[in-house]
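Each chain is listed here by its residues.
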Amino acid sequence: MRLADRIAAISTEDAVRASVSYDQLRAGDGALYWLETRPEAGGVATVTCWRPGEGARDVSPKGFDVTSGVHAYGGGAFAVTDGTLWCVGGDGLYRSRLHDDELELVSLGSFGDLTIGDGELLAVRESEHGDDLIAVPLTGVPDIRALASSRGFFGAPRPGPGMLAWTTWSERDMPWDGCEIWVASYSPRGQVGNPVKLAGGSEESAVEPRWGPDGALYFVTDRSGWWNLYRWDGHQVKPVAPIAGECAAEPWELGYASYDFLDDGRIVVAVQDGPRGTASSSSTLTALFFRSTFPIRPSSPIWPFKERRWR
């Protein structure tokens, strides 16, 4: 069959199905969740769930566009826990039971990077005055509590054992040029205490902090000239697996995750070999699996934070 004949054989329905887009894959509650945007639905982004033995189904109300405009590019527009969907719409933060089409408006505003903590939702809220890190109880009255404020930008509120980590960058910088990671002692329904800058600055981009199963903080920084994975055990920062490749993507949106911890003790990292931010033939994306030289296993909090300070 000639190429022209093959193209002519493609129906409108085929073209529409091929243009469905997927974003923000998440795992939780024994299922996978992602945003699915379908042209036949008017371009509305829908939270879709897949469970073993059940297949895929939509869990956000029909016709509701799950989208975040925080920092102009959005990201981290939903989170799911205990049968409740928390999501961002065009005008604010909402919550809904997964088997109920009714949405409850929690607060008007611009939100993103929704993260489930211990009994509360953590997120970034943007306003004309700057950014706030906020917390909302998962049950009861969803009163919003501001944990920190900045005239610049916040990202990646990540709760750990008695701790909270986040990223911040100034209104003069882009996060891939200069971004900092801060940590502080924290207890749910409380406030942050003794915040300390751990990495990053105007000449260093430190992004994607995550607490590992060993209680240590992992993050990606370009201090070596490449965005590589590092680990902080409460005493010192060490590279996990130095490599001549980019282990993160430019954080245009909030909520990116370029690495994860596997049950067998390995860490999987997406590595880009080639020019950053390009899709040229010289740039390839590879998933690397490696066993950490550090014990990746459940642990208690790594230190009594209020007694020490590191920089």
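Let me begin by describing the structure that accompanies this report.

**A few points about the overall build of the chain**
For step 1, the next point in the chain: When its secondary structure is counted, the chain shows two helices and 23 strands.
For step 2, the next point in the chain: Taken across its 311 residues, the chain has 48% of its residues classed as buried.
For step 3, the next point in the chain: Within the chain, contacts between residues separated by at least 24 positions form 41% of all contacts whose residues are at least 6 apart in sequence.
For step 4, the next point in the chain: Accessible surface, the chain: about 15,500 Å² in total, of which carbon and sulfur atoms supply 51%.

**Some details on a nonpolar patch on the surface**
For step 1, the next point in the chain: A cluster of nonpolar side chains, Tyr-73, Met-174, Trp-252 and Tyr-256, forms an exposed patch at the surface whose accessible area comes to about 400 Å².
For step 2, the next point in the chain: Examined against the element boundaries, Tyr-256 turns out to sit in the loop between strand E20 (237–239) and strand E21 (259–261).

**Overview of unusual backbone geometry**
For step 1, the next point in the chain: The phi torsion at Asp-82 lies on the positive side, around 50°, for a residue other than glycine.
For step 2, the next point in the chain: With respect to the secondary-structure elements, Asp-82 resides in the loop between strand E5 (78–81) and strand E6 (84–88).
For step 3, the next point in the chain: Of note, the phi angle at Arg-189 is positive, near 65°, even though the residue is not glycine.
For step 4, the next point in the chain: Relative accessible area serves as the criterion here: at 51%, Arg-189 is assigned to the exposed category.

**Examining the pairing of strand E1 (residues 21–28)**
Remember that side chains alternate between the two faces of the sheet whenever the strand is regular.
For step 1, the next point in the chain: When E1 meets strand E2 (residues 31–37), the two strands line up antiparallel, connected through six bridges. Paired with Arg-26 across the strands is Tyr-33, a residue of E2.
For step 2, the next point in the chain: Connecting E1 to the next strand, E2, in antiparallel fashion are two residues, including Asp-29 with a positive phi near 55°.

**Considering the nonpolar core**
For step 1, the next point in the chain: Counting residues in hydrophobic clusters, the biggest one holds 30 residues, and the most contacted among them are Tyr-218, Leu-229, Tyr-259 and Ile-267.
For step 2, the next point in the chain: Residue assignment for this core shows that the elements contributing at least two residues are strand E10 (120–127), strand E11 (130–137), strand E12 (145–150), strand E14 (163–169), strand E18 (217–221), E21 and strand E22 (266–273).
For step 3, the next point in the chain: Non-local contacts of Tyr-259, meaning those with residues more than four positions away in its chain, are made with Glu-208, Pro-209, Arg-210, Tyr-218, Phe-219, Val-220, Leu-229, Ile-267, Val-268 and Val-269.
For step 4, the next point in the chain: Counting 16 residues, the second largest nonpolar core, distinct from the first, contains Phe-64, Phe-78, Leu-85 and Leu-98.

**Some remarks on the environment of Thr-67**
For step 1, the next point in the chain: With respect to the helices and strands, Thr-67 occurs in the loop between strand E4 (55–58) and E5.
For step 2, the next point in the chain: Classification of Thr-67 by relative accessible area gives partly exposed; the value is 33%.
For step 3, the next point in the chain: Once the C-alpha coordinates of Thr-67 and Phe-78 are considered, the two residues, eleven residues apart in sequence, prove to be 8.5 Å apart.
For step 4, the next point in the chain: With residues up to four places along the chain from it excluded, the contact list for Thr-67 reads Ala-77, Val-88, Gly-89 and Gly-90.

**A closer look at the packing of aromatic side chains**
For step 1, the next point in the chain: Taken as a whole and assessed by the stated rule, the structure comprises seven aromatic pairs.
For step 2, the next point in the chain: Judged by centre distance (4.5 Å) and plane angle (40°), the ring pair of Trp-176 and Trp-252 falls under tilted. Within this pair, whereas Trp-176 is found in the loop between E14 and strand E15 (180–185), its partner Trp-252 is found in the loop between E20 and E21, the two being separated by 76 residues in sequence.
For step 3, the next point in the chain: Geometrically, the ring pair formed by Phe-219 and Tyr-230 is stacked, given 6.2 Å between the ring centres and 15° between the ring planes. A residue pair is termed long-range when its members are at least 10 positions apart, and Phe-219 in strand E18 and Tyr-230 in strand E19 (residues 228–232) qualify at eleven residues. As far as the burial class goes, Phe-219 and Tyr-230 line up, both buried.
For step 4, the next point in the chain: Three or more aromatic residues joined by ring pairs form one cluster here, namely Tyr-73, Trp-176 and Trp-252.

What counts and how
- Residues numbered from 1 in each chain as written.
- Predicted model: local features only at pLDDT ≥ 70, side-chain atom pairs only at ≥ 80, totals over all residues.
- Heavy atoms only, no water.
- Helix = DSSP H or I, 4+ residues; strand = E, 2+ residues; numbered from the N terminus.
- Buried < 20%, exposed > 50% of the residue type's maximum accessible area, 1.4 Å probe, protein only.
- Contact = heavy atoms within 4.5 Å.
- Areas by Shrake-Rupley, 256 points an atom, 1.4 Å probe, with all protein chains shown as cover.
- Patch = residues over 30% accessible without salt bridge, like charges linked within 9 Å, V, L, I, M, F, W, Y side chains within 5 Å.
- Salt bridge = Lys/Arg side-chain N within 4 Å of Asp/Glu carboxyl O.
- Pairing = 2+ DSSP bridges.
- Core = buried A, V, L, I, M, F, W, Y, C linked by side-chain atoms within 4.5 Å.
- Phe/Tyr/Trp six-rings, centres within 6.5 Å; stacked < 30°, edge-to-face > 60°.

Remember that the coordinates give geometry; whether it matters functionally is a separate question.
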